[in-house]
Amino acid sequence: KQEVTQIPAALSVPEGENLVLNCSFTDSAIYNLQWFRQDPGKGLTSLLLIQSSQREQTSGRLNASLDKSSGRSTLYIAASQPGDSATYLCAVVLTGGGNKLTFGTGTQLKVEL
Amino acid sequence: DTGVSQNPRHKITKRGQNVTFRCDPISEHNRLYWYRQTLGQGPEFLTYFQNEAQLEKSRLLSDRFSAERPKGSFSTLEIQRTEQGDSAMYLCASSLGFLGTAYNEQFFGPGTRLTVL
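Rules behind the numbers
Residues numbered from 1 in each chain as written. Chains lettered and ligands numbered in written order. Predicted model: local features only at pLDDT ≥ 70, side-chain atom pairs only at ≥ 80, totals over all residues. Heavy atoms only, no water. 1 Å grid on protein atoms, 1.4 Å probe; cavity = no way out; pocket = protein on both sides within 12 Å on 5 of 7 lines; lining within 4 Å. Points joined across faces, edges and corners; volume = space filled by probe spheres on them. Helix = DSSP H or I, 4+ residues; strand = E, 2+ residues; numbered from the N terminus. Nonpolar A, V, L, I, M, F, W, Y, C, P; charged D, E, K, R; others polar. Buried < 20%, exposed > 50% of the residue type's maximum accessible area, 1.4 Å probe, protein only. Contact = heavy atoms within 4.5 Å. Salt bridge = Lys/Arg side-chain N within 4 Å of Asp/Glu carboxyl O. Pairing = 2+ DSSP bridges. Axes fitted to C-alpha atoms, helices over the stretch in contact; angles between N-to-C directions. Polar contact = N/O pair within 3.5 Å; in protein donor to acceptor, adjacent residues only side chain to side chain. Buried area = accessible area lost by both parts, 1.4 Å probe.

Quick word on the layout of surface pockets
Then, number 1: There is about 640 Å³ of room inside the largest pocket.
Then, number 2: Around the largest pocket, the lining is made up of 23 residues, and of these Lys 1, Gln 2 and Thr 102 of chain A together with Glu 44 and Phe 45 of chain B lie nearest the centre.
Then, number 3: Counting only elements with at least two residues in the lining of the largest pocket, the list comes to β9 (86-94) and β10 (101-103) of chain A together with β5 (44-50) of chain B.
Then, number 4: A per-class count over the lining of the largest pocket returns nine nonpolar, nine polar and five charged.
Then, number 5: As a volume, the second largest pocket reaches approximately 480 Å³.
Then, number 6: The wall of the second largest pocket is formed by 24 residues, among which Gln 38, Pro 40 and Thr 87 of chain A together with Leu 39 and Gly 40 of chain B lie closest to the centre.
Then, number 7: Those elements giving two or more residues to the lining of the second largest pocket turn out to be β9 and β11 (107-112) of chain A together with β9 (88-95) of chain B.
Then, number 8: Residue composition of the lining of the second largest pocket, by class: eight nonpolar, 12 polar and four charged.

Written as structure tokens, this is what we have:
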């Protein structure tokens, strides 16, 4: 059974700091990995999707990397802003897994002024 | 608005009552998914449809849960005889999905928050 773990569970940083969120998964036979943002009481916003053949994806201040062999992904946020405060979730799709996402429990990020 | 929409956004019900949620996917998306999220946890997969066919159901989807997607457009999720343990956020997502496609990003709606008293 695929298990997805995110560390740390919560993180508080001052504005302007660069930060890294970690995601690890137990089954390396993934089709892709997706990072989401969730604001309190809201749905999920897709941030980045990395196909299994890719090593990283970038969007603005966000950069996500994928190392299938070690079962890890990182989400790098540059020059953090208070508006980045949210819960960040990673999720994987297993090869042959019917396209369903298996999520981690998330990292709750707070960027302080 | 061309995103995924869900109704209602909030539902409060008494234990034992039946509830039904609706999800309208992005219009050109042929795959539709339901997930459930409890407080402090990541979403958990419940079921998904390819067009009107329900292709997979999680063990979480007990006999009290039923999902439909008539005509391959909107979907409904019904919970019969609700229990307090059903209290959660129910999320719907949609994607394009064809054999051989590499791009299957899922887009989520705002969710329906269910509270069972």
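Still to come is the rest of the account.
A few points about the side chain of Gln 106 of chain B
Then, number 1: Looking at where Gln 106 of chain B falls in the secondary structure, it is placed in the loop between β9 and β10 (107-108).
Then, number 2: Assessed through its relative accessible area of 0%, Gln 106 of chain B is described here as buried.
Then, number 3: Residues within four places of Gln 106 of chain B in sequence aside, it is in contact with Gln 34, Phe 36, Ser 46, Asn 99, Lys 100 and Leu 101 of chain A together with Tyr 33, Tyr 35, Ala 93, Ser 94 and Ser 95 of chain B.

A closer look at the pattern of salt bridges
Then, number 1: Enumeration according to the criterion identifies seven salt bridges over all chains in this entry.
Then, number 2: Residues Asp 84 of chain A and Arg 61 of chain A are paired through a salt bridge, measuring 2.8 Å at the closest nitrogen-oxygen approach. One end of the pair, Asp 84 of chain A, is in the loop between β8 (72-77) and β9; the other, Arg 61 of chain A, is in the loop between β6 (56-59) and β7 (62-67), with 23 residues separating them in the sequence.
Then, number 3: What makes Arg 61 of chain A partly exposed here is its relative accessible area of 28%.
Then, number 4: Taking the shortest distance from any N to any O, the salt bridge between Lys 100 of chain A and Glu 56 of chain B comes out at 2.6 Å. A residue pair is termed interchain when its members come from two chains, as with Lys 100 of chain A in the loop between β9 and β10 and Glu 56 of chain B in strand β6 (residues 53-57).

Things to note about the sheet that holds strand β3 (residues 19-24) of chain B
Two modes of strand pairing occur in sheets, parallel and antiparallel, and in both the strands are linked by backbone hydrogen bonds.
All names here are of chain B.
Then, number 1: The four strands lie next to each other as β1-β3-β8-β7, forming an open sheet whose pairing is antiparallel. Bordering the open sheet on either side are β1 (5-7) and β7 (65-68), each of which pairs with just one other strand. For this sheet, the mean inter-axis angle between neighbouring strands, taken without regard to orientation, is 15 degrees.
Then, number 2: The sheet contact formed by β1 and β3 spans three bridges and is antiparallel. Considered in β3, the bridge of Gln 6 is made with Cys 23.

A short note on the sheet that holds β7 of chain A
Residue and element names in this part refer to chain A.
Then, number 1: Strand order in the open sheet formed by five strands is β1-β3-β8-β7-β6, with antiparallel pairing between adjacent strands. Taken across any chain shown, the strands that pair with only one partner, and hence form the sheet edges, are β1 (4-7) and β6. Strand after strand, the sheet turns through a mean of 15 degrees between neighbouring axes, direction not considered.
Then, number 2: Bridge analysis of β6 against β7 gives four bridges, and the strand direction is antiparallel. Bridge pairing links Glu 56 to Ser 65 in β7.

Comments concerning the side chain of Gln 34 of chain A
Then, number 1: For Gln 34 of chain A, the location among the structural elements is in strand β4 (residues 30-38).
Then, number 2: At a separation of 3.0 Å, a polar atom in the side chain of Gln 34 of chain A contacts the side chain of Ser 46 of chain A.
Then, number 3: Excluding anything up to four places from it in sequence, Gln 34 of chain A contacts Ser 46, Leu 48, Leu 49, Leu 89, Cys 90, Ala 91 and Leu 101 of chain A together with Glu 105 and Gln 106 of chain B.

Details of the interface of chain B and chain A
Often the size quoted for an interface is simply the accessible area lost on bringing the parts together.
Then, number 1: Tallying the contact residues gives 24 residues for chain B and 21 residues for chain A.
Then, number 2: Taking both partners together, chain B and chain A bury about 1700 Å²; carbon and sulfur atoms supply 46% of that area.
Then, number 3: Joining chain B to chain A, the criterion identifies one salt bridge.
Then, number 4: Inspection of the region where chain B meets chain A yields six residue pairs in polar contact (both at pLDDT 80 or more).
Then, number 5: The set of elements that each furnish at least two residues to the side of chain B that touches chain A consists of β4 (31-37), β5 and β9 of chain B.

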